[in-house]
Amino acid sequence: MSKKYRCTVCEFIYDPAIGDADSGIAPGTRFEDIPEDWYCPACGATKQDFEAIDD
């Protein structure tokens, strides 16, 4: 199971089981496999603004 990641700007949680359909990220996509130019769908922060969290 891949880890979830939290946006340090707005607290949005990226869950690999869900993905980000609006950005074309399919369910099951690990955070590490998301393109570097992806951004937070809630606030627009960059991928670098996310941190791994424990479930």
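The protein carries the name Rubredoxin in an unreviewed UniProt entry, which gives Chondromyces apiculatus DSM 436 as its organism. In its Sequence similarities (unreviewed entry) section, the UniProt record describing the protein reads: "Belongs to the rubredoxin family."

### Some points on the overall build of the protein
A count of helical and extended segments in the protein gives zero helices and three strands. Scanning the protein from its N terminus toward the C terminus, one meets helices and strands in the order β-β-β. Taking 2.2 N^0.38 as the reference for a compact globule, 55 residues should give roughly 10 Å; the C-alpha atoms of the protein span a radius of gyration of 10 Å, in line with that estimate. Projected onto the principal axes, the alpha-carbon positions of the protein cover approximately 25 × 25 × 15 Å. The buried share of the protein, taken over its 55 residues, is 31%. A separation threshold of at least 6 residues defines the contact pool for the protein, and within that pool the share at least 24 residues apart is 46%.

### Let's talk about unusual backbone geometry
Within the chain, glutamate 11 stands out as a residue other than glycine whose phi angle is a positive 75°. On the accessibility criterion, glutamate 11 (48% relative accessible area) is partly exposed.

### Here's the deal with the nonpolar core
Within the largest apolar cluster, 10 residues are counted, these being Tyr5, Cys7, Tyr14, Ile25, Phe31, Ile34, Trp38, Cys40, Ala45 and Phe50. Phenylalanine 50 has contacts with Tyr5, Arg6, Cys7, Phe12, Tyr14, Phe31, Trp38 and Cys40, leaving out every residue within four places of it along the chain.

About the cut-offs
Each chain carries its own residue numbering, running from 1 in the direction its sequence is written. The model is predicted, so local features are restricted to residues of pLDDT at least 70 and side-chain atom pairs to those at 80 or more, both for listing and for counting; the totals for chains, interfaces and linings are taken over all residues. Hydrogen atoms and water are omitted, and side-chain values are computed over all heavy atoms in the structure. UniProt positions are given in the numbering used here, feature names are shortened, and annotations may be inferred rather than shown by experiment. The helix count covers DSSP runs of H or I at least four residues long, the strand count covers runs of E at least two residues long, and both are numbered beginning at the N terminus. Note on method: radius of gyration uses C-alpha positions; expected globular size equals 2.2 Å times residues raised to 0.38. For every residue, the accessible area (1.4 Å probe, protein chains only) is compared with the maximum for its type, and the residue is labelled buried under 20%, exposed over 50%, or partly exposed between those bounds. Contacts are assigned to residue pairs with any non-hydrogen atoms lying within 4.5 Å of each other. To qualify as a nonpolar core, a set must consist of buried Ala, Val, Leu, Ile, Met, Phe, Trp, Tyr and Cys residues joined through side-chain atoms within 4.5 Å.

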